[in-house]
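Overview (structure and organization)
Each chain, letter by letter, is given below.
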Amino acid sequence: MAADPKASAQSATDYPPELSRLPPGRHGLPREFVVHNQRERLIAGLAEAVAENGYASTTIAHITRHAAVSRRTFYEHFSSKDECFVSAYETVMEQLRERVDAAYQEQEEWPQAVRAGIGAMLGFLAAEPNLARLSMVEALVAGPVVVERYDAAIRSLVPYLEAGREGRPPEVLARLSPTTEEALVGGMVSLISRRIIAGQTAELEELLPDLVEFALTPYLGTAAAAKAAQGS
Amino acid sequence: MRPPPGRQQLSREFITQHQRARIISALAEETVARGYRAVTVADIVRRAGIARNTFYENFSSKQDCFLATQDDAVEEALRRVVDAATKVESWQERVDAGLAAFLHYVASEPALARTCIVEALSAGPASLARYEESLQSFIPLFRIGRKVSKRGEELPETLEETIIGGIFWVIYQRIIRDETGQIERLLPELVEFALTPYIGAEAAKRASA
C-alpha cells in the first residue's frame, strides 16, 4: 500500500492515541506500518460489526469500537461507511481469489483443478464466517456501491470453468451453450449464499462433492463428474 | 340513483383490488426509475395517482409494499409455470413449458422483473430472504426429474437449488444488461442446462431443441 506522504513527514510524537493499544515496544514502528495496521483493523472491525448488526444498522461507532481506533482515525482512512465497506469487500475478494487461483493452478488435470478451486473457496468461507457473510450476503444488501463489484467478482470465476472446454470432443463442444459457465457459477454461488443466510457457514465444506459434480457434469457427463466429485 | 347493495359491495372489492395492483405496479416503476432506496411513499402515491391514505390502507410501509410486490409476482409466476407445465405430458416437456412461461412473464413485465429479480437482492435483509425463499418454491418442479433419471437418488441433494440459482443468475445478468426484451431466446440453453444432470447432455440437447 502506498504511504501517505503527509503522514510519513510526521514525527513519532504525532502517532494517534490508539497506537498506545499496541504492545509496548512497538512504538518505534514506521508510520506506514501503523497506518496499514489501522486500515486492516478497521476492515476487520467493519466485518465484525456488519456480522453483528447487518449492514444497514451498522454505524461508524460500531466499526471504530470493534477496531479499537478513534473516530478521527476512521475518517483518516475512509470518508464513509460505504467506502470502508467497499474496501473491506475488495480485500476479502482479493484474498479469496488468490486462494482459489493458487489451489486451481496447483493441479495438473482440469477436473481436479476445479475441485481444488471450489474446495479452497468453501474452506476460506467456512473458516471466516464474518468475511463470508460480508462478501456473499451483505455485499448485496449494501446496495449499489458494491453490487457491481459483486457481479464482476462472480463473473471472474467463469474462465476457470471455460478452461474445461479445451480438449473436449467436438460433440461435447457443440452442445455446450454460451451461458453454460455463467449458469454453473451462478448456481454454485447461489447455493453458497443460501447456506450462509441460513447460518450454515461452518458446514459449507460439506457441499464440495455436490458442487464439483454440478460444475463438471456438462463437460464430463454425469458418471465421470460424480467420480471426480468424490476425489477419485 | 344508488346501485343495489350487492353490486356496490362487489365494486368496492374490485376497486380495492385494482388500487392494490396499481400501487404495486407504481412501486415497480419507481424502483426501476430511482432504485429502491431512493423511492419514497410519496413517489409511489404520485405514480399510482391515489391518495396517501389509500396507500396506508393497503400497506404499512414502503418495505411492506415491496415485500407484497415480491409475493404477488412469485405467486403469479408460479401460477403461470404450473399452468403451462400441466398442459404437457412428460417431465422434460414440463420443464420446457414451465421455463418458457416464466421467461415470457419476465419479458412481458420488465419493471416487475427488475424489481423482484435485481432490486430485491439489495432492498434489505427481509427482501433478500423473501427472494431466497421464492426460489425454493420452484424446487418440486425440477425434483420430479429424479424419477426419470437413471441416477435418481444418487444425484446431489442440492442439485435443484443449484439449477434454479443458475437459471436466476443468468436471468439477473440479462436484466442488468437491459436485455430483458430478448430473454425468451435463452429458453433452449436454460432447458438444456436444467435437464443435463438428470438425463445426460445428449438427451437434454434433443429435448431442448
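Residues numbered from 1 in each chain as written. Chains lettered and ligands numbered in written order. Predicted model: local features only at pLDDT ≥ 70, side-chain atom pairs only at ≥ 80, totals over all residues.

Turning to the overall build of chain B, a few remarks are in order. Tallying secondary structure elements over chain B gives twelve helices and zero strands in all. Taken from N to C terminus, the helices and strands of chain B fall in the order α-α-α-α-α-α-α-α-α-α-α-α. C-alpha atoms of chain B, sized along the principal axes, occupy 65 × 40 × 30 Å. Across the 209 residues of chain B, 42% fall into the buried class. Long-range pairs, those at least 24 residues apart, make up 62% of the contacts in chain B with a sequence separation of at least 6. (Helix = DSSP H or I, 4+ residues; strand = E, 2+ residues; numbered from the N terminus. Buried ≥ 20, exposed ≤ 12 C-beta atoms within 10 Å, placed from the backbone. Contact = placed C-beta atoms within 7 Å.)

Once that is clear, we can look at the overall build of chain A. Helix and strand counts for chain A stand at 13 helices and zero strands. When the helices and strands of chain A are listed from N to C terminus, the series reads α-α-α-α-α-α-α-α-α-α-α-α-α. At a minimum sequence separation of 6, the contacts of chain A that also span at least 24 residues come to 64%.

Our next topic: the domain arrangement of chain A. Frequently, the measure chosen for interface size is the accessible area removed from exposure when the parts meet. Residue and element names in this part refer to chain A. When its domains are assigned, chain A resolves into domain 1 (19-78) and domain 2 (85-229). Centre-to-centre separation of domain 1 and domain 2, based on C-alpha positions: 31 Å. The partner domain 2 presents eleven residues to the ten residues of domain 1 that form the contact. Among the residues forming the side of domain 1 that touches domain 2, the class breakdown is eight nonpolar, one polar and one charged. (Domains from an automatic or database assignment. Nonpolar A, V, L, I, M, F, W, Y, C, P; charged D, E, K, R; others polar.)

This part covers the confidence of the model for chain B. All names here are of chain B. The share of residues in chain B with pLDDT of 70 or more is 95%, and the mean pLDDT across the chain is 91. The secondary structure element of chain B with the lowest average pLDDT is helix H1 (residues 5-34), at 81, and the one with the highest is helix H5 (residues 91-108), at 97. ipTM for the predicted complex: 0.86, alongside a pTM of 0.85. (pLDDT = per-residue confidence, 0-100.)

Here we take up the packing of H5(B) against helix H11 (residues 187-199) of chain B. Residues and elements named next belong to chain B. Look at H5 against H11: their axes get within 10 Å of each other, and the N-to-C directions meet at 135°. The angle between the axes of H5 and H11 places the two elements in the oblique class. The way H5 lies across H11 gives a crossing that is right-handed. Contacts between H5 and H11 involve Gln92, Val95, Asp96, Leu99, Ala100 and Leu103 on the former and, on the latter, Leu187, Leu190, Val191, Ala194 and Leu195. (Axes fitted to C-alpha atoms, helices over the stretch in contact; angles between N-to-C directions. Parallel < 35°, antiparallel > 145°, perpendicular 65-115°, else oblique. Left-handed = near helix turned anticlockwise from the far one by under 90°.)

Turning our eyes to something else, we now look at the nonpolar core. The tendency in soluble globular proteins is for nonpolar side chains to be buried side by side. Counting residues in hydrophobic clusters, the biggest one holds 120 residues, and the most contacted among them are A:Leu46, A:Ala88, A:Met188, A:Ala215, B:Ile167 and B:Ala194. If you tally residues by element for this core, the top one is helix H5 (residues 81-106) of chain A, at ten residues. Lining this core are residues from two domains, each supplying at least three of them: domain 1 (19-78) and domain 2 (85-229) of chain A. Once residues lying within four places of it in the same chain are set aside, the contact partners of B:Ala194 are B:Val95, B:Phe142, B:Ile163 and B:Ile167. (Core = buried A, V, L, I, M, F, W, Y, C linked by C-beta atoms within 7 Å.)

Facing 33 residues of chain B, the contacting portion of chain A comprises 29 residues. Elements with a minimum of two residues in the side of chain B that touches chain A: helix H7 (125-136), helix H10 (159-176), H11 and helix H12 (201-208) of chain B. At eleven residues, H10(B) tops the list of elements feeding residues into the side of chain B that touches chain A. Along the lines of polarity and charge, the residues of the side of chain B that touches chain A split into 15 nonpolar, ten polar and eight charged.

This brings us to the packing of helix H11 (residues 180-197) of chain A against H10(B). When two helices pack together, their arrangement is given by the angle between their axes and by how far apart the axes lie. H10(B) packs onto H11(A) with a crossing angle of 115° between their chain directions and a minimal axis gap of 7 Å. In terms of crossing hand, the pair formed by H11(A) and H10(B) is right-handed. Taken together, the residues of H10(B) that come into contact with H11(A) (itself represented by A:Glu182, A:Ala183, A:Leu184, A:Gly186, A:Gly187, A:Met188, A:Ser190, A:Leu191 and A:Arg194) are B:Glu161, B:Thr162, B:Ile163, B:Gly165, B:Gly166, B:Ile167, B:Phe168, B:Trp169, B:Val170 and B:Gln173. Residues of the contact of H11(A) with H10(B), tallied by class, amount to nine nonpolar, seven polar and three charged.

Right, let's get into unusual backbone geometry. The backbone of A:Ala68 sits at a positive phi, close to 55°, despite the residue not being glycine. Inspection of the secondary structure puts A:Ala68 in the loop between helix H3 (60-67) and helix H4 (71-77). Within the chain, B:Asp178 stands out as a residue other than glycine whose phi angle is a positive 55°. Judged by local crowding, B:Asp178 falls into the exposed class, with 10 C-beta atoms found within 10 Å.

Time to look at the environment of B:Gln182. All names here are of chain B. Relative to the assigned elements, Gln182 resides in the loop between H10 and H11. For Gln182, a count of 11 C-beta atoms within 10 Å puts it in the exposed group. C-alpha separation for the pair Gln182 and Ala107, spaced 75 residues apart in sequence, amounts to 7.3 Å.

Right, let's get into H12(B). Restricting attention to buried positions, one finds in H12(B) the residues B:Ala201, B:Ala204, B:Ala207 and B:Ser208. The buried residues of H12(B) all sit within an arc of 125° when viewed along its axis, so they share a single face. Each element contacted by the buried residues of H12(B) is listed here: helix H10 (170-175) and helix H12 (208-220) of chain A together with H5 and H11 of chain B. (Arc of directions from axis to C-beta.)

Our focus in this paragraph is the confidence of the model for chain A. Residue and element names in this part refer to chain A. Averaged over all residues, the pLDDT of chain A is 86; the fraction at 70 or higher stands at 84%. Of all secondary-structure elements in chain A, the lowest mean pLDDT belongs to helix H1 (residues 5-8), at 40, while helix H6 (residues 110-127) reaches the highest, 97. The model gives residues 1-20 a pLDDT under 50, and that stretch makes 21 contacts with residues more than four places away or in other chains.

Below, the discussion takes up the environment of A:Asp210. With respect to the secondary-structure elements, A:Asp210 resides in helix H12. The sequence separation of A:Asp210 and A:Ala51 amounts to 159 residues, and the corresponding C-alpha distance is 27 Å. Apart from residues no more than four positions distant in its own chain, A:Asp210 is found in contact with B:Pro156, B:Glu157 and B:Thr158.

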